[in-house]
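Chain and residue survey
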Amino acid sequence: MAKGDDVVRRRRNKTNRKRARNSESAVSARVAAIIAAKRRRKDGKRRICEVMCYSLPTPDDPFNDLHGKKSKKTRREPNTRKSPPLPGTEKKKKQNSDALNRVDQPDNDCSGGSNAWDSNYGSLSKFLILCLNAIQDAWKEQEEACSGSPDGSLLAFDWGVEFWKRCSSGSHIIETSGSCACKKKLAWLVSTASDIITRKEKQGNVTASPFLLFLVPTQEKAMQVRSICKPFKSLGIHTVSLHPGTPLDHQVQGLKGCEPEFLVSTPERLLELVSLKAIDISDVSLLVLDELGTFLDLGFLDKISSVRESVTGHPQVVIFCGSSSETSASIAQNLLTGPVNKICKKDSTSD
């Protein structure tokens, strides 16, 4: 008797079901994962991601990627390759590092008495380097080719590093290497003043406005100093120049809503504004006199004394004069009280 088609079909399906039960690929990935998790749960072995209590994050593993395991530290092999020639930006960074290494240790000239080196000013700060680079970049953009334009990096200017050391120590300074401050010296002076302001603010001390009072004999000098300080505006240091070339009423209106950190002015215009109570200079912390010989030739000695009397505190004074003559010495003696440092072009001495 021949077998029916339905019987053959049933037996074939039964055989296929047996093969499917014995085959590993018959179960889907999702079902296999559920079965495996059930087996691990019964055996007491779970994956880390399935544990209910996670390990706490640490400073070495803030995102808990290692799951509490210690990372294996790989030992780096020393680089024996020779560095390629430095481009322009890399040379600038190298000059900055050389300047930092040059002032890491204080000079022996600065030791002794009240002029001892302050340990808080052991190396050039990042803000000071930022200020110097801002001035250097501004000069490069202007493409100044005159004799007054700087040659080389400001950080390689030895006079500036020496001035920064002495000024940071808080003593008075008399500069006798030239009749007036050149552009590099002015750049270091205003950058040092900016650095002192930022250091005091970090220590929680509030600096009065204006912090720096820069007395110049002529309008041209005031404009020159103002142009050097112009890059500091983006750094939060504002400068105002006062001279007879601008109407008095315009300057009075401009000073009403302005509290500059740096004030550059001629003596006669400054005294006029002080008499009108347009500006208050009683809390000035740093007083700078440029071209002392020119002040004497123009007969500004009485006006300088009046400006000094308007400053009620004990500001730090910096004087740029051509030589240590008797007249300059007597004027400096009236303006300066306390330790005085003399800085020359090649060497520096302390009195």
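Refer to the structure printed above.
Scoring rules and cut-offs
Residues numbered from 1 in each chain as written. Predicted model: local features only at pLDDT ≥ 70, side-chain atom pairs only at ≥ 80, totals over all residues. Heavy atoms only, no water. Axes fitted to C-alpha atoms, helices over the stretch in contact; angles between N-to-C directions. Helix = DSSP H or I, 4+ residues; strand = E, 2+ residues; numbered from the N terminus. Left-handed = near helix turned anticlockwise from the far one by under 90°. Contact = heavy atoms within 4.5 Å. Nonpolar A, V, L, I, M, F, W, Y, C, P; charged D, E, K, R; others polar. Patch = residues over 30% accessible without salt bridge, like charges linked within 9 Å, V, L, I, M, F, W, Y side chains within 5 Å. Areas by Shrake-Rupley, 256 points an atom, 1.4 Å probe, with all protein chains shown as cover. Salt bridge = Lys/Arg side-chain N within 4 Å of Asp/Glu carboxyl O. Lys, Arg positive; Asp, Glu negative; His and termini not counted. Charge placed at Lys NZ, Arg CZ, Asp CG, Glu CD. Buried < 20%, exposed > 50% of the residue type's maximum accessible area, 1.4 Å probe, protein only. Arc of directions from axis to C-beta. Polar contact = N/O pair within 3.5 Å; in protein donor to acceptor, adjacent residues only side chain to side chain.

The N-to-C vectors of helix α5 (residues 158-168) and helix α6 (residues 183-202) enclose an angle of 35 degrees; their axes lie 10 Å apart at closest approach. Our pair here, α5 against α6, has a crossing hand that is right-handed. Contacts between α5 and α6 pair Trp 159, Gly 160, Val 161, Phe 163, Trp 164, Cys 167 and Ser 168 from the former with Lys 185, Trp 188, Leu 189, Thr 192, Asp 195, Ile 196 and Arg 199 from the latter. Here the residues of the contact of α5 with α6 sort into 8 nonpolar, 3 polar and 3 charged.

The subject of this paragraph is a positive patch on the surface. On the surface, a cluster of positive charge is contributed by Arg 11, Lys 14, Arg 17, Lys 18 and Arg 21. Overall, Arg 21 belongs to the exposed group, its relative accessible area being 61%.

As a further point, take helix α7 (residues 219-229). Listing the buried residues of α7 in full gives Lys 221, Ala 222, Val 225, Ile 228 and Cys 229. In a view along the axis of α7, the buried residues occupy a sector of 125 degrees, so they form one face of it. Where α7 is buried, its residues meet α4 (126-142), α6, β2 (212-215), β3 (239-242) and β4 (262-265). For α7, the N-terminal cap is Thr 218; the gap from its side-chain oxygen to the backbone nitrogen of Lys 221 is 3.4 Å.

Once that is clear, we can look at the pattern of salt bridges. Inspection of the entire model under this criterion finds 6 salt bridges. A salt bridge links Glu 162 to Arg 166; the nearest nitrogen and oxygen atoms lie 2.8 Å apart. Separated by 4 residues within a single helix, Glu 162 and Arg 166 lie in helix α5, roughly one turn from each other. As far as the burial class goes, Glu 162 and Arg 166 line up, both buried. Where Lys 185 meets Glu 175, a salt bridge forms, and the shortest distance between an N and an O atom there is 2.9 Å. On the criterion of sequence distance, the pair formed by Lys 185 in helix α6 and Glu 175 in strand β1 (residues 172-175) is long-range, its members being 10 residues apart.

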